[in-house]
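Working through the structure, step by step
Spelled out, the chains give:
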Amino acid sequence: MENTHNFFIPKHNLIGMGAIKDLPNELLGWKLSKALIVTDKNMISLGYVTFIENMLKNLFISYDIFDGVRHTNPTVSFVEDALAYFPQGLELRRSYKLIISIGGGSNHDCAKAVAAVATNGGSIIDYEGYNKITKPGLPLIAVNTTTSAAEVTMFSIITDETRKVKMSIASPNIIPLVAVNDPMLMMSMPKDLTAAVGIDALVHALESYISTESSPITESLSLAAIRLVFTYLRRACENGNDMEAREQMMYAGIMGGMAFNNAGLGYVHAMSHQLGGFYGQIHGNYDAILLPSVLDFNFVSTPEDRILKIAEAIGKRVADKEEAREIVLAAIKELCLDIGIPADLKRMGVDENDLDTLAQNAFKDIATLTNPRQGTVDDIKNIYKAALQ
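Scoring rules and cut-offs
Residues numbered from 1 in each chain as written. Predicted model: local features only at pLDDT ≥ 70, side-chain atom pairs only at ≥ 80, totals over all residues. Heavy atoms only, no water. Helix = DSSP H or I, 4+ residues; strand = E, 2+ residues; numbered from the N terminus. Rg over C-alpha atoms; globule rule 2.2 N^0.38 Å. Buried < 20%, exposed > 50% of the residue type's maximum accessible area, 1.4 Å probe, protein only. Expected span 1.5 Å × (residues − 1). Bend = angle between axes of the 7 residues up to and from the residue. Phe/Tyr/Trp six-rings, centres within 6.5 Å; stacked < 30°, edge-to-face > 60°. Pairing = 2+ DSSP bridges. Axes fitted to C-alpha atoms, helices over the stretch in contact; angles between N-to-C directions. Contact = heavy atoms within 4.5 Å.

To continue, consider the overall build of the chain. Across its full length, the chain carries 14 helices and 9 strands. For the chain, the C-alpha radius of gyration of 20 Å lies close to 21 Å, the compact-globule estimate for 389 residues. Overall, the C-alpha framework of the chain stretches about 65 × 50 × 40 Å when taken along its three principal axes. Buried positions account for 59% of the 389 residues belonging to the chain.

For the rest of this paragraph, the subject is helix H10 (residues 283-298). Across its 16 residues, H10 extends 21 Å between first and last C-alpha, which sits within 8% of the 22 Å expected from 1.5 Å per residue. The largest bend along H10 reaches roughly 40° and is located at Leu291, with the proline Pro292 sitting one to four residues downstream.

Applying the stated criterion across every chain yields a total of 5 aromatic pairs. Taking 5.7 Å as the distance between ring centres and 80° as the angle between the ring planes, the aromatic pair formed by Phe66 and Tyr85 counts as edge-to-face. Of the two residues, Phe66 sits in strand S3 (residues 62-66) while Tyr85 sits in the loop between helix H4 (76-83) and strand S4 (98-103), which places them 19 residues apart along the sequence. Of the residues examined, Tyr85 reaches a relative accessible area of 22% and is grouped as partly exposed. Both rings, one in Tyr267 and one in Phe297, keep their centres 5.8 Å apart while their planes meet at 25°; by these two values the pair is stacked. Of the two residues, Tyr267 sits in helix H9 (residues 267-279) while Phe297 sits in helix H10, which places them 30 residues apart along the sequence. Given a relative accessible area of 10%, Phe297 falls into the buried group.

The next thing to look at is the side chain of Asn298. Along the chain, the position of Asn298 falls in helix H10. Asn298 gets classed as buried once you look at its relative accessible area, which sits at 2%.

Let us now look at the sheet that holds strand S5 (residues 129-130). Strand order in the open sheet formed by 3 strands is S5-S8-S7, and the pairing between neighbours is mixed. Each having just a single partner strand, S5 and strand S7 (155-160) make up the two edges of the open sheet. Bridge analysis of S7 against strand S8 (residues 165-170) gives 6 bridges, and the strand direction is antiparallel. Paired with Ile157 across the two strands is Ser168, which belongs to S8.

Looking now at unusual backbone geometry. We note that Leu32 has phi near 70°; this positive angle belongs to a residue other than glycine. Here Leu32 is to be found in the loop between helix H1 (23-27) and strand S2 (34-38). Judged by its relative accessible area of 70%, Leu32 falls in the exposed class. Even without a glycine there, the phi angle at Phe60 is positive, about 55°. Along the chain, Phe60 turns up in the loop between helix H3 (48-58) and S3.

The subject of this paragraph is the environment of Gly47. Along the chain, Gly47 falls in the loop between helix H2 (41-45) and H3. A relative accessible area of 28% places Gly47 in the partly exposed class. Residues Gly47 and Val165 lie 118 residues apart in sequence; the distance between their C-alpha atoms is 33 Å.

This part takes up the sheet that holds S3. If you trace the 6 strands from one edge of the open sheet to the other, you get S1-S9-S6-S4-S2-S3, paired in parallel fashion. Strands at the two margins of the open sheet, each flanked by one partner only, are strand S1 (12-15) and S3. Mean inter-strand twist for the sheet, computed between neighbouring axes without regard to direction, equals 15°. Bridge count for S2 against S4 is 4 bridges, and the pairing is parallel. By the bridge assignment, Leu36 is partnered in S4 with Ile99. Relative to the sheet, helix H8 (residues 243-263) contacts S1 and strand S9 (178-181), its axis offset from that of S1 by approximately 160°.

In C-alpha cells:
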C-alpha cells in the first residue's frame, strides 16, 4: 500500500546567531536588479529595514519599500495595496525580480500573497484553499523576527474583510526561497508577543504531531519543538534579553513550522483563523485558549503512544493515557497562565451570538482536513463554547 510523504521547506535556511550576515551571499544572484521590501513601520523604526537596505545598496540592488502591513492579521486590501507598486502597462520602473519580507508572520504571509498574484494574476481571493497557485510566485526572501514559522511554510493566511473570514492559502509555489532566522532580530519582541508566538509554535508542534498526515520526520520535529517550548518559553517571556532562551525558541518555531508545513494542522488553527477574521486580535492567544478544548475533543482519536510521548516531551512521566491526558492539559493551562495569556475567549471579546457563523467558517478551513477526529459544525461550536468561559 502506498504511503508517501512529501517534505517541503525553503531551499536555503540561514539559522542561528549572526545568520543575517550571510544574507548578502544569497542576494548575489539579484545584483543590479530590483526588489520590493514588504514590512511594517515598526520594523523600520527598529532599524531592521535599514540593515537590509544597506546590503542591497552594496550589491547595487534597487528597491522600493511597502510598509503597509498595519496590524497582525494581513488583509486582502494590504495585498492589493502592495500589488499597486508593480508596473502597470508598459511601465518598467518597478519591474521587481525579488520580494524581501522583513518581520513576523503577518509580513511574510502578505509577501507570499503578493508574490503569488504578481505571477499568477487575478486576486488573492482566487487562491483560497490548497494548491490553486499554478505558477511559482516571485522569489521571496523572508527575514524573520518572531517564532511564527511563516518564513518556512507554504501557507499564507489572509483576511477577507468583506466576509470577515481568514482564508488559508497553501501551495508549494509560495514557499520562500530563503528563510533567515537570527535570534538577534527577535530580541525586540515585547513579552505579550513573545508569549503569543511562542504558544503558536507549541500549537504547530502539537497539531502536526497528532495530524493524520504526520510522518517519522515531522513527528521528530514536533516532539523536539514541544520540549523546547516547555523548557524555554517562560524564560524568554521573563527576560527578553535571555539569548539562550531566544535562540532555543527560535529553533522551536522553525521545527514546529517545518513539521506542520508537511503534516498539516487541525481544529485549533481552523477555529483560531476565524476568530482572527472576526475580531482581529493576536492569533497565538486564540490558539492558546482553544488548545485544551481541542485536545480534549481529539483525545478519543489520539493513539495512547502519542499522548504518552507528548507528556514525556513536556517533562512528565505517566503510567497510562488517561493520566497523560490530565497532566498534558494541566501543563498547557499552567504555561499559558504563567506567561500571561488571556484565560478565555470572552476576555478577548468573543460574542456567543457569533459562534454559529464562526463554526461554519472554521468547518470549511483546510486545517480541518488533517485533524485526527472529524467532527461536525455543532462539534466545533461546542468547542468554541467550552473555550468561551
